[in-house]
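Letter by letter, the chains look like this.
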Amino acid sequence: MLVDGGNNGKGASQVVPLLQNLGIKKLDFVIATHYDADHIGGLDEVLNAVPATIVYDHGRPIDKEKAKPKPGSMLAAYIKSAGSQRREIETGQKIPLGENIDVRCVAVNGAVAGLSAEHTRKLDENACSVALHIRYGGFDYFIGGDLTGGGKSGSRRTADVEGFVASVVGDVDVLHANHHGSETSSNEQFLKVLKPEVVIISVGNGGVNKRYHHPSRSVLDRLHEVDSLIRVFQTNRGETVGGFTAADRRLMRIANGNIVITTNGRRYLVNGTAFDVDERSQ
């Protein structure tokens, strides 16, 4: 299963070579968490090089541009490459990856599995993200695209989907931080309920991130308040306003590249650093 494909060009330059190095010649499932360019831009390159049985996304364009994507746009290229394999994922849907592996869609389009309440306010593209709870043995992992937690985006406050999601996910071992460590996400309640031992922040250096400054200072400060947290791994240094504090540097490991997690369901390695699964999450 592949979740997202990075920006345009990253599918061919990074994702496809990684899949080839792993000996993966076919994907059972591809999931596009949402339609932002840095999540689907490289998926057409992947799908044109590595066949996939089913391609899932949220299937709910929230603006006219995405409802009728312009020819030549990243969304149009993704939709074309997915072809007849494209499906709309449903809240609560389980993805059959194999024995002892449980993959469940816990949220999509603001609806959360097991809860009758949905957000009545207008959702943005990020709030519509597909969120997945992945369990293998006693190991729990959460990934939710750019899922929002009520933080501000400019002058606008985002919908707090994270608060609902936290109540159905509970304790995890590894959290892939929502929205690259943006202040729109990773709210205090969400972090306290998930109680991650390890947090992964996927973030870029320079480029467009000089505008967004991910990871945000507010998110890093909230991470320091999570009692369970042992380590934060970042793909790159990012563009945090003011740079890292001494406390940040003690907590963080900057990969300057890929972050690889392997597990046997009892222990897991993150770029070679060993951790035991949290018994509370079993």
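Structure's up top.
First, a word on what this report is: a plain description of the structure on this page.

What counts and what doesn't
Each residue is numbered by its place in its chain's sequence as written, counting from 1. Per-residue local features of the predicted model are confined to residues with pLDDT of at least 70, and side-chain atom pairs are confined, for both listing and counting, to 80 or more; whole-chain, interface and lining totals are unaffected and use all residues. Computation of side-chain values: all heavy atoms of the structure, hydrogens and water removed. A pairing counts as a salt bridge when a side-chain nitrogen of Lys or Arg comes within 4 Å of a carboxyl oxygen of Asp or Glu. We call a residue buried when its accessible area falls under 20% of the maximum for its residue type, exposed when it is over 50%, and partly exposed in between, using a 1.4 Å probe and counting protein chains only. Only DSSP runs of H or I covering at least 4 residues are called helices, and only runs of E covering at least 2 are called strands; the numbering of each starts at the N terminus. Of all possible arcs, the one meant is that of the directions from the helix axis to the C-beta atoms. Under this definition, polar contacts are N or O atom pairs within 3.5 Å; protein pairs additionally need one hydrogen-donor-capable and one acceptor-capable atom, and for neighbouring residues in sequence, both atoms have to be side-chain atoms. Note on definitions: a residue-residue contact is assigned when non-hydrogen atoms from the two residues lie within 4.5 Å. Every crossover in which the path from the first strand over the helix to the second runs clockwise, viewed with the strands pointing away from the viewer, is termed right-handed. Only strands that DSSP links by at least two bridges are regarded as paired with each other. Two aromatic rings from Phe, Tyr or Trp, using only the six-membered ring of Trp, form a pair when their centres are within 6.5 Å; if the ring planes differ by under 30 degrees the pair is stacked, by over 60 it is edge-to-face, and anything between is tilted. In this description, a line fitted to the C-alpha atoms serves as the axis of each element, helices being fitted only across the stretch in contact, and the angle between N-to-C directions of two axes falls anywhere from 0 to 180 degrees.

Side note on the pattern of salt bridges
Scanning all chains against the criterion turns up eight salt bridges. Each of the salt bridges in this network shares a partner with another, and the network as a whole consists of Arg 217, Asp 221 and Asp 248.

Quick notes on helix H5 (residues 74–82)
Those residues of H5 lying buried are Leu 75, Tyr 78, Ser 81 and Ala 82. The buried residues of H5 occupy an angular sector of 130° when the element is viewed end-on, so they sit on one face. Gly 83 occupies a position one or two residues after H5 and carries a positive phi of about 55°.

Some remarks on the side chain of Asn 209
On the secondary structure map, Asn 209 appears in helix H8 (residues 209–212). Within polar-contact distance, the side chain of Asn 209 engages the backbone oxygen of Gly 204 at 2.8 Å. Those residues in contact with Asn 209 that lie beyond four places of it in its chain are Val 203, Gly 204, His 214, Gly 238 and Glu 239.

Some thoughts on the pairing of strand S13 (residues 198–201)
With burial as the criterion, each face of S13 is covered, one bearing Val 198 and Ile 200 and the other bearing Val 199 and Ile 201. Regarding the hand of the β-α-β motif, the stretch spanning strand S12 (residues 174–176), helix H7 (residues 188–194) and S13 is right-handed. Sheet analysis places S13 next to strand S14 (residues 231–234), joined by four bridges and oriented parallel. Across the sheet, Val 199 pairs through a bridge with Val 232, a residue of S14.

Some details on the pairing of strand S8 (residues 131–136)
In terms of strand pairing, strand S6 (residues 101–108) meets S8 through six bridges, oriented antiparallel. From the neighbouring strand, Asp 102 faces S8, where its bridge partner is Arg 135. The antiparallel hairpin formed by S8 and strand S9 (residues 139–143) contains two residues in its connecting segment, where Gly 137 sits at a positive phi of about 60°.

Observations concerning the packing of aromatic side chains
The relation between two aromatic rings is expressed through the spacing of the ring centres and the mutual angle of the planes. Considering all chains together, one arrives at five aromatic pairs under this definition. A centroid spacing of 6.3 Å and a plane angle of 10° characterise the contact between Phe 29 and Tyr 56, whose relative ring orientation is stacked. Placement of the pair is Phe 29 in strand S2 (residues 27–31) and Tyr 56 in strand S3 (residues 52–57), with a sequence separation of 27 residues. Accessibility assignment for this pair places Phe 29 and Tyr 56 in one class, buried.

A short note on the sheet that holds S2
Ordered by their spatial adjacency, four strands build an open sheet running S1-S2-S3-S4, and the pairing between neighbours is parallel. Looking at the sheet topology across the chains shown, the edges are occupied by strand S1 (2–3) and strand S4 (86–88). In this sheet, S3 lies alongside S2 in parallel orientation, the contact comprising four bridges. Each residue of the ladder has a partner; that of Leu 27, found in S3, is Ala 52. Along the sheet, H5 contacts S3 and S4; its crossing angle with S3, the most-contacted strand, is approximately 140°.

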